[in-house]
Amino acid sequence: MKIERSKEWWMARARREGDAAVGAGLLAFDPAPDERPATIAQTAAAEETRIAFGKFVNLMRRRRGLSMERLAEVAELDASELLVIENEVHYVPEPRTIFKLAQTFEVSQRRLMQLAGLAAANDAGLRQEAVRFAARSEAMHKLTPEENSALEAFVAVLSEQDPKRAK
């Protein structure tokens, strides 16, 4: 028995899928890893390593004197993804992104995958070093006058008494 579908049937089927990402490997096997139940400790450990991953990308980019656009060109990645990697702890990059960054920065792809949260790290030492690195790499320079005035304005808003509590 041979089943045939018309071109219209296939086109309608494709339209129903929308803009869903197509993946291979782990993404195809487990397309929604965030839906798995995770313990609080596992979630915290993943966030700790992703913080270190974002800081690592930021510092390596800056060490090489590259803007985000230039790193995107060199690594053949999208600049917007690099921006999210450096600033969003919950973002999990694609395996291709890790591969390209590992090539560009000349580091172990396996370790970078673990740091980015795409592979389980069996090495507790890596997680400890990642946390230590993230803590040490935090910028310590003084606030600019603009940053200070913005912070003061925000503190003033946060310090205002809640109208419901004032009564």
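About the criteria used
- Residues numbered from 1 in each chain as written.
- Predicted model: local features only at pLDDT ≥ 70, side-chain atom pairs only at ≥ 80, totals over all residues.
- Heavy atoms only, no water.
- Helix = DSSP H or I, 4+ residues; strand = E, 2+ residues; numbered from the N terminus.
- Buried < 20%, exposed > 50% of the residue type's maximum accessible area, 1.4 Å probe, protein only.
- Contact = heavy atoms within 4.5 Å.
- Areas by Shrake-Rupley, 256 points an atom, 1.4 Å probe, with all protein chains shown as cover.
- pLDDT = per-residue confidence, 0-100.

Chemist: What should I look at first to understand the overall build of the chain in this one?
Modeler: A tally of regular secondary structure across the chain gives 10 helices and zero strands. In the chain, the order of α-helices and β-strands from amino to carboxyl end is α-α-α-α-α-α-α-α-α-α. Burial status across the chain gives 23% buried among its 167 residues. Sequence-distant contacts in the chain: of pairs separated by 6 or more residues, those separated by 24 or more amount to 57%. With the model as given, the accessible surface of the chain reaches about 12,900 Å², and the carbon-plus-sulfur share is 55%.

Chemist: Got a minute to help me understand the confidence of the model for the chain in this structure?
Modeler: In regions of low pLDDT, the predicted coordinates are not meant to be interpreted in detail. Looking at the chain as a whole, the pLDDT averages 76, with 71% of positions reaching at least 70. Mean pLDDT in the chain bottoms out at helix 2 (residues 26-29), which sits at 50, and peaks at helix 4 (residues 68-75), which reaches 94. Between residues 29-37, whose pLDDT stays under 50, and residues either more than four places distant or in other chains, the model counts one contact.

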